[in-house]
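Geometric and topological summary
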Amino acid sequence: MENVNVIIADLFPLSRIGLIGLLRQLNYPFTIREVTIPEKLKNSFHKDQISLVICSASFLQQFSDSQIQTLLPAGKRISRVLIRDLPSSQRKFTGFHETIEFTDNERVILRKLDKTTATIARLDTTQIMPEEISEREKDVLRLVALGYTNKEIAGKLFISSHTVITHRKNITAKLGIKTIAGLTIYALINKLITSEEIN
């Protein structure tokens, strides 16, 4: 798995600390830099091979659209996430792959960051054969990829929550994939689910 170089551009230390904490929960190999002034953001793209930039609307609010395009260069390998932390602002920021609303709860934020990071990290799931997991594990994996909780999976498969947790541990160990986004990609590639089934 590739290292994910992240820049967090936000004026407020508390926001940056919170984002770093959430990113660390995802278990990807992150290198995280924080910037509070535009010159440092611009210089970071020249110095480092940035994979992900997370900008708050409050940071971007001080710039015109053309200045933002200069600050955030377009590139195939750079994903951009907007933190919409100005609820009263009517200004629209374009060119972002994902938007996190200030009202999103922790689970939603983690899912959005996980989805974006899984795409960047380019999980090599195509080399894993689906036969490596049992039929029951495929059933559990399918429901995990569709967003069901352990309790819901247990109810659907008529097994205990403890058994679901054991299956999930076994799936993670066999496939080497720790995140829900990674498991979802695996399930899609191996036709355990279809893209239409994902909400």
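In the block above lies the structure referred to throughout.
Residues numbered from 1 in each chain as written. Predicted model: local features only at pLDDT ≥ 70, side-chain atom pairs only at ≥ 80, totals over all residues. Heavy atoms only, no water.

Attention shifts here to the side chain of S58. Summarising the element assignment, S58 is placed in helix α3 (residues 57–60). Residue classification places S58 among the buried positions, given a relative accessible area of 12%. In terms of polar contacts, S58 uses its side chain to reach the side chain of S56, at 3.1 Å. Looking at S58, its side chain comes within polar contact range of the side chain of D85, at 2.7 Å. S58 has contacts with L11, F12, D85 and L86, leaving out every residue within four places of it along the chain. (Helix = DSSP H or I, 4+ residues; strand = E, 2+ residues; numbered from the N terminus. Buried < 20%, exposed > 50% of the residue type's maximum accessible area, 1.4 Å probe, protein only. Polar contact = N/O pair within 3.5 Å; in protein donor to acceptor, adjacent residues only side chain to side chain. Contact = heavy atoms within 4.5 Å.)

What follows covers the packing of aromatic side chains. Counted according to the given criterion, the structure contains two aromatic pairs. Ring centres of Y28 and F30 lie 5.9 Å apart, and the angle between their planes is 65 degrees; on these two criteria the pair is classed as edge-to-face. Comparing Y28 with F30 shows no difference in burial state: the two are buried. (Phe/Tyr/Trp six-rings, centres within 6.5 Å; stacked < 30°, edge-to-face > 60°.)

Moving on: the packing of helix α6 (residues 135–145) against helix α9 (residues 180–189). Interaxial distance between α6 and α9 falls to 9 Å at its minimum, and their mutual angle equals 115 degrees. The element α6 and its partner α9 pack so that their crossing is left-handed. Of α9, the residues touching α6 (which contributes L141, V144 and A145) are I180, L183, T184, Y186 and A187. When grouped by side-chain class, the residues that make up the contact of α6 with α9 number seven nonpolar, one polar and no charged. (Axes fitted to C-alpha atoms, helices over the stretch in contact; angles between N-to-C directions. Left-handed = near helix turned anticlockwise from the far one by under 90°. Nonpolar A, V, L, I, M, F, W, Y, C, P; charged D, E, K, R; others polar.)

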